[in-house]
Amino acid sequence: ALLGTAFSAEIDPSLTEWRLLKTDLEKVKFPLRDYILEVKAFRPDYYNTNPSYTERFAVWKITTMMMLLHAGNWKKQVGRVTWNTIKYDEGRDIAIEECDARYEAYYSWPANGEKEQIWAWNFFEDHVELTCNGDMQYQQRWDEGEDHRDKPGLPEKCAALGAVDVDRITFRHMAGEYIRARPKEVKEPEPTTPPKATTQPEPTTPPKATTQPEPTTPPKATTQPEATTPGALIEERRTCDCWTKECNYCSNLECTVQYDLINGYEGIAVQSKLGWRILNSIVLYDEGGNTLGLFQWNLQSIHLTGCISCQSPPAIRSIKPGNSEFWYFNMDRIDGVLTLTLGIGGHTLYSNTLKGECADIYSKIDRFAFSDMTCENTFSYSRADMVAGTRITPDCSGACPLM
């Protein structure tokens, strides 16, 4: 169905009410800068959160929705957006093709696992937001397109998508879903203020207080010496990306570093550029090389596969995007309880305890690797405590320039 008039950005008034998408290919006139696009979707009753590699990226899955974005006419496609009604184990949930080199992870399970879901796409001049039942699931700044060797030119393409006025959409693989237009509020949020209020009722009360009894006393202080005295056996190495063909997509143990994180001395210390969209990702393995999960975080959110998915605390969200910071990730037993800590610049800013099955799983950590990290990032390699795989070389086996 072709809705609206051919040369007007005004929307069909009937679209302010729910409109059923009857087929898997529907074209709709929709000025995304003027209206919020709401999608009523339905999680399937049967689904697989860990599909095969071939099926993982297929857009015809029953969980997948797609929008092709156009500007001015139907022949001018300026963007493609793909997202899912479920959260996948490996975090391959959502992607804007012009901005993301790979699929990104949701912040939490959509609609807390409920079948009916209300998604809201909100396009601003400097960024785009996606919420589900009011919970933020994805954000992308137009000036932060991913700089990745596998998809060159994304920063420019992402900026171009943000600059164009999308006025029509082709909906693919969405038969049975509903769409409607919701007028925007007159005033957009300030670009320097993260849109946190929709998912955090009390921004002035750090959520970490409930999981960190003594925030002024970093838990790691009993096991980690001062960062200014790293010792002669510490050297800086590249965070070699394991998500490559040569590393068999993080399955080749020669692309990992063996390290007893639980009983280690300093945790995993990294120097990287921080932002709202790009996740710092560490893959965690057991002694047999089996993947236990991923620890991922950015200025917006913190994730540990299967156990933690939350907003970053105010102390982290207040960091200016684009800054390069020294941070550490640690797992330690504090009073017999397995505790995850994340710190920046020598100060612990987030901690959470792991119990039950989560503690059982992550107490087996024996090695780690970095996924989707750039050559500009480094980590502190302890020759006394760590054993690097043969592909963890100063130039990441040729993938990065020598330092």
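Here is what the cut-offs are and how they apply
Residues numbered from 1 in each chain as written. Predicted model: local features only at pLDDT ≥ 70, side-chain atom pairs only at ≥ 80, totals over all residues. Heavy atoms only, no water. Helix = DSSP H or I, 4+ residues; strand = E, 2+ residues; numbered from the N terminus. Buried < 20%, exposed > 50% of the residue type's maximum accessible area, 1.4 Å probe, protein only. Areas by Shrake-Rupley, 256 points an atom, 1.4 Å probe, with all protein chains shown as cover. Salt bridge = Lys/Arg side-chain N within 4 Å of Asp/Glu carboxyl O. Pairing = 2+ DSSP bridges. Contact = heavy atoms within 4.5 Å. Polar contact = N/O pair within 3.5 Å; in protein donor to acceptor, adjacent residues only side chain to side chain. Axes fitted to C-alpha atoms, helices over the stretch in contact; angles between N-to-C directions. 1 Å grid on protein atoms, 1.4 Å probe; cavity = no way out; pocket = protein on both sides within 12 Å on 5 of 7 lines; lining within 4 Å. Points joined across faces, edges and corners; volume = space filled by probe spheres on them. Nonpolar A, V, L, I, M, F, W, Y, C, P; charged D, E, K, R; others polar. Disulfide = S-S within 2.5 Å.

J.: Looking at this structure, I do not really get the overall build of the chain. What am I missing?
T.: Broken down by element type, the chain carries four helices and 24 strands. When each of the 403 residues of the chain is scored for burial, the buried share is 52%. Surface accessibility of the chain: about 18600 Å² in total, with carbon and sulfur atoms responsible for 52%.

J.: What am I meant to see in unusual backbone geometry here?
T.: Glycine aside, residues mostly have negative phi angles, and peptide bonds mostly take the trans form. At N248, a position not held by glycine, the phi torsion is positive, near 50 degrees. Secondary-structure assignment places N248 in the loop between β12 (234-238) and β13 (257-258). One non-glycine residue with positive phi stands out, namely Y249, at about 50 degrees. For Y249, the position within the fold is in the loop between β12 and β13.

J.: I tried to follow the pattern of salt bridges on my own but got confused; where do I start?
T.: Pairing between side chains of opposite charge can happen when their charged atoms approach one another. Here the structure, examined in full by the defined rule, presents 14 salt bridges. Here K115 makes a salt bridge to D45, at a shortest N to O gap of 3.1 Å. Of the two residues, K115 sits in the loop between β6 (94-96) and β7 (116-123) while D45 sits in the loop between β3 (35-42) and α1 (53-56), which places them 70 residues apart along the sequence. With its nearest N and O atoms 4.0 Å apart, the salt bridge here joins D241 to R102.

J.: What exactly am I supposed to notice about the sheet that holds strand β15 (residues 280-285) here?
T.: Taking strand neighbours across the sheet as the criterion, the seven strands line up as β18-β17-β16-β15-β22-β13-β24 in an open arrangement whose pairing is antiparallel. With one partner strand each, in any of the chains shown, β18 (308-311) and β24 (387-388) form the two edges of the open sheet. For strand β17 (residues 301-304) and β18, the ladder comprises four bridges, and the chain directions are antiparallel. Bridge pairing in β18 links L304 to I308.

J.: What's the story with the environment of K115 in this structure? I'm lost.
T.: Note on K115: relative accessible area 35%, which makes it partly exposed. For K115 and I86, which are 29 residues apart along the polypeptide, the C-alpha to C-alpha distance reads 9.8 Å. Discounting residues that sit within four places of it in the chain, K115 has contacts with A41, F42, R43, P44 and D45. Among the polar contacts listed, one links the side chain of K115 to the side chain of D45, at a separation of 3.1 Å.

J.: It is not clear to me how the sheet that holds strand β10 (residues 168-172) should be interpreted in this structure. Could you clarify?
T.: Reading across from one edge, β2-β10-β4-β5-β6 is the order of the five strands in this open sheet, with antiparallel pairing throughout. Strands at the two margins of the open sheet, each flanked by one partner only, are β2 (25-29) and β6. Pairs of neighbouring strands in the sheet enclose a mean axial angle of 15 degrees, with direction left out of account.

J.: What should I look at first to understand empty space enclosed by the protein in this one?
T.: Empty space left among the atoms is revealed by rolling a probe the size of a water molecule over them. Tallied over the entire structure, the rule returns six cavities of 30 Å³ or more. In this structure, the largest cavity spans a volume of roughly 160 Å³. Residue lining of the largest cavity: 14 residues in total, with R92, E104, S281, Q296 and D372 positioned closest to the centre. Here the residues of the lining of the largest cavity sort into five nonpolar, four polar and five charged.

J.: Help me out: how do you make sense of the state of the cysteines in this one?
T.: Note: disulfide means a covalent bond formed between the sulfur atoms of two cysteine side chains. This structure, assessed with the given rule, holds six disulfides. Note on cysteine connectivity: C242 is disulfide-linked to C250, with sulfurs 2.0 Å apart. Given an S-S torsion of about 80 degrees, the disulfide between C242 and C250 has right-handed geometry. Residues C242 and C250 agree in their burial class; the two are buried.

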